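The primary structure of each chain is shown beneath.
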Amino acid sequence: MTLGAFGAHGFKDVLLQNGTTAIWEKAVFYHFIHAVMLFVITGRKPFATFAWWGFLAGIVVFSGSLYLLALTNLKWLGAITPFGGVAFLAGWTCLFISAGKSER
């Protein structure tokens, strides 16, 4: 993942100075898992539209706010992160609901 490489190499000094390497790693982890899920959902029939959008919104808001927090050390960005977590939870809920419907 490109952002993981940037964190390990390109942004290493900034992350160490800010003490936010763990935050960056958490953002990369959740970004990766849900990016994989976007591909899985795209190949699924029927296409789980709401789950896909929930995961995309979660990546942008959850991981995006953590990336910015790690680079800028602006603590108020941490208040935005839970909204992305809610988007992830909504995406998973929609995926489980749609999986249950497609089995019937």
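Because the structure is a prediction, the values reported are computed rather than measured.

Colleague: Which parts of the structure should I look at to understand the overall build of the protein?
Modeller: Helix and strand counts for the protein come out as five helices and zero strands. The order of helices and strands in the protein, counted from the N terminus, is α-α-α-α-α. Across the 104 residues that make up the protein, the buried fraction comes to 37%. Taking the contacts inside the protein whose residues are at least 6 apart along the sequence as the reference set, 66% of them involve residues at least 24 apart. Accessible surface, the protein as shown: approximately 6,400 Å² in total, 73% of it carbon and sulfur.

Colleague: Explain unusual backbone geometry here, please?
Modeller: Working note: non-glycine residues mostly have negative phi, and peptide bonds are mostly trans. With an omega of -5°, the peptide bond running from Lys 45 to Pro 46 counts as cis. Among the secondary structure elements, Pro 46 is positioned in the loop between α3 (21-42) and α4 (49-72). Even without being glycine, Asn 73 reaches a positive phi, approximately 65°. Inspection of the secondary structure assignment puts Asn 73 in the loop between α4 and α5 (81-103). Owing to a relative accessible area of 28%, Asn 73 belongs among the partly exposed residues under this scheme.

Colleague: Help me out: how do you make sense of the confidence of the model for the protein in this one?
Modeller: Low pLDDT marks stretches whose predicted atomic positions should not be read closely. When pLDDT is averaged across the protein, the result is 89; 88% of the residues are at 70 or more. Within the protein, α4 carries the highest mean pLDDT (96), whereas helix α1 (residues 2-10) carries the lowest (59).

Colleague: Whenever I open this one, the packing of aromatic side chains confuses me. Can you help?
Modeller: To describe a pair of aromatic rings, one takes the distance between the centres and the angle between the planes. Scanning the entire structure with this criterion turns up ten aromatic pairs. Judged by centre distance (5.4 Å) and plane angle (70°), the rings of Phe 11 and Trp 24 are edge-to-face. Here Phe 11, found in the loop between α1 and α2 (12-18), pairs with Trp 24, found in helix α3; they are 13 residues apart in sequence, far enough to count as distant. Seen in terms of ring centroids, Trp 52 and Trp 53 are 5.0 Å apart; in terms of plane orientation they differ by 80°. Their pairing is edge-to-face. Among the aromatic residues, those joined into a ring-pair cluster are Phe 29, Tyr 30, Phe 62 and Phe 88.

What counts, and at which threshold
Residues numbered from 1 in each chain as written. Predicted model: local features only at pLDDT ≥ 70, side-chain atom pairs only at ≥ 80, totals over all residues. Heavy atoms only, no water. Helix = DSSP H or I, 4+ residues; strand = E, 2+ residues; numbered from the N terminus. Buried < 20%, exposed > 50% of the residue type's maximum accessible area, 1.4 Å probe, protein only. Contact = heavy atoms within 4.5 Å. Areas by Shrake-Rupley, 256 points an atom, 1.4 Å probe, with all protein chains shown as cover. pLDDT = per-residue confidence, 0-100. Phe/Tyr/Trp six-rings, centres within 6.5 Å; stacked < 30°, edge-to-face > 60°.

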